[in-house]
Amino acid sequence: MTRLAVLGSPIGHSRSPQLHAAAYRELGLDWEYGRSEVRSGDLAAFIGGLDPSWRGLSLTMPLKREVLPLLDERDELTELTGAANTVLLAGGTRTGFNTDVGGIEAAFAERGVPPLSTALVLGGGATAASVLVALARLGVTSVTVAVRDPGRAEPLVELAAAVGVQLAVAAFGAELPATDLLASTLPGDAPPPPLPAPGRAALLDVAYDPWPSRLADGWAGPVVNGLDMLLHQALLQVRVFVNGDPGRVLDGEAGVLRAMRAAVGGF
């Protein structure tokens, strides 16, 4: 039996098992994909205890940065963002990938989000780094990051410089600018800071349980929800686990994507 799982804490709400199970059924693969509660500090022991039946891991909070020193190889986006959400276990090698960036880009394209030039990002963790890179690749040139502790945003400042984005850092409670996009990387139960009037701005909210989130409820502009992002980054993970490459399209991929979407409610 080939085994895979999503790891993180908390992990009980994750929809990744439904997405991946649907994909492997569609592909005719007898693979088992589960979930495991792994807290910060416990990842090395978990990975060290895996046997050869394991093919890959999906990582969520708080493990996307903690995994880096445990990897033998990293893809370009992992190096750039300093975060990996996918680990391929093959040939005795642990290879890290970041599929969050591509998942965000695909979700924006599917939802028909118009061209953007400015964005306000809430939160400064690993997911915010992936959002920043995706926004740069989508043409955004100016980003404000709002965080509880501005002193912890230095990695994002360096990342913004690397991808050619003008970045301002603001503390929660400061006056925040109106922008073309609001991107929230906060947990679903975390209260957002005071925000400018949204107008017709687009919204990316990575939270998806419950949905609509407190931000998305009644939002007037285009909305990209957390399941959009989760679906598309998971498809890239399936490519990694099956083909070893997030850029290599699956056989029958359109059917795989339909099966994955149906498994989480056909949103």
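Definitions and limits used
Residues numbered from 1 in each chain as written. Predicted model: local features only at pLDDT ≥ 70, side-chain atom pairs only at ≥ 80, totals over all residues. Heavy atoms only, no water. UniProt positions renumbered as here; feature names shortened; annotations may be inferred. Phe/Tyr/Trp six-rings, centres within 6.5 Å; stacked < 30°, edge-to-face > 60°. Buried < 20%, exposed > 50% of the residue type's maximum accessible area, 1.4 Å probe, protein only. Helix = DSSP H or I, 4+ residues; strand = E, 2+ residues; numbered from the N terminus. Pairing = 2+ DSSP bridges. Contact = heavy atoms within 4.5 Å. Expected span 1.5 Å × (residues − 1). Axes fitted to C-alpha atoms, helices over the stretch in contact; angles between N-to-C directions. Parallel < 35°, antiparallel > 145°, perpendicular 65-115°, else oblique. Left-handed = near helix turned anticlockwise from the far one by under 90°. Nonpolar A, V, L, I, M, F, W, Y, C, P; charged D, E, K, R; others polar.

Under an unreviewed UniProt entry, the name given to the chain is Shikimate 5-dehydrogenase, and the organism recorded is Naasia aerilata. In its Pathway (unreviewed entry) section, the UniProt entry covering the chain states "Metabolic intermediate biosynthesis; chorismate biosynthesis; chorismate from D-erythrose 4-phosphate and phosphoenolpyruvate: step 4/7."

(A) Representation of the packing of aromatic side chains within the structure. Applying the stated criterion to the full structure yields 2 aromatic pairs. Here Y24 and W31 contribute two aromatic rings whose centre-to-centre distance is 5.1 Å and whose plane-to-plane angle is 50 degrees, an arrangement assigned as tilted. Given the relative accessible area of 1%, Y24 is considered buried. Between the aromatic rings of F46 and W54, the centroid separation amounts to 6.1 Å while the plane-to-plane angle is 80 degrees, which identifies the pairing as edge-to-face. What makes F46 partly exposed here is its relative accessible area of 23%.

(B) Here's a closer look at the pairing of strand β11 (residues 202-205). Neither face of β11 is open: one carries A202 and L204, the other L203 and D205, and all of them are buried. When strand β10 (residues 181-184) meets β11, the two strands line up parallel, connected through 4 bridges. The partner of L181 across the bridge, within β11, is A202. The sheet contact formed by β11 and strand β12 (residues 223-225) spans 3 bridges and is parallel. Note that in β12 the partner of L203 across the bridge is V223.

(C) Representation of the environment of V264 within the structure. Checked against the element boundaries, V264 lands in the segment after α8 (253-263). The sequence separation of V264 and Y208 amounts to 56 residues, and the corresponding C-alpha distance is 11 Å. Excluding residues within four positions of it along the chain, V264 makes contact with R15, Q18, L19 and L227.

(D) Looking closely at helix α5 (residues 126-137). End to end, α5 covers 17 Å across 12 residues, agreeing with the expected 16 Å (1.5 Å per residue, within 8%). Of all 12 residues in α5, 11 are buried; the element is thus mostly enclosed. Within the sequence span of α5, burial applies to A126, T127, A128, A129, S130, V131, L132, V133, A134, L135 and A136. G139 lies just past α5 and shows a positive phi near 100 degrees.

(E) Structural detail: the sheet that holds strand β3 (residues 54-59). The strand order across the open sheet formed by 6 strands is β2-β1-β3-β5-β6-β4, and the pairing between neighbours is mixed. Each edge of the sheet is formed by a strand with only one pairing partner; in this case those strands are β2 (31-37) and β4 (73-74). Where β3 and strand β5 (residues 86-90) come together, 3 bridges link them in antiparallel fashion. Counted as the bridge partner of G56 is L88 from β5. Against the sheet, helix α1 (residues 16-26) touches β1 (2-8), β2 and β3, its axis set at about 170 degrees to β2.

(F) The arrangement of the packing of helix α4 (residues 100-111) against α5 in detail. Between α4 and α5, whose axes approach to 8 Å, the crossing angle comes to 50 degrees. Of the possible angle classes, the one that applies to α4 and α5 is oblique. When the axes of α4 and α5 are compared, the crossing they make is right-handed. Along the contact surface, α4 presents D100, V101, I104, E105 and F108, while α5 presents S130, V131, V133, A134, L135 and R137. Here the residues of the contact of α4 with α5 are counted per class, giving 7 nonpolar, 1 polar and 3 charged.

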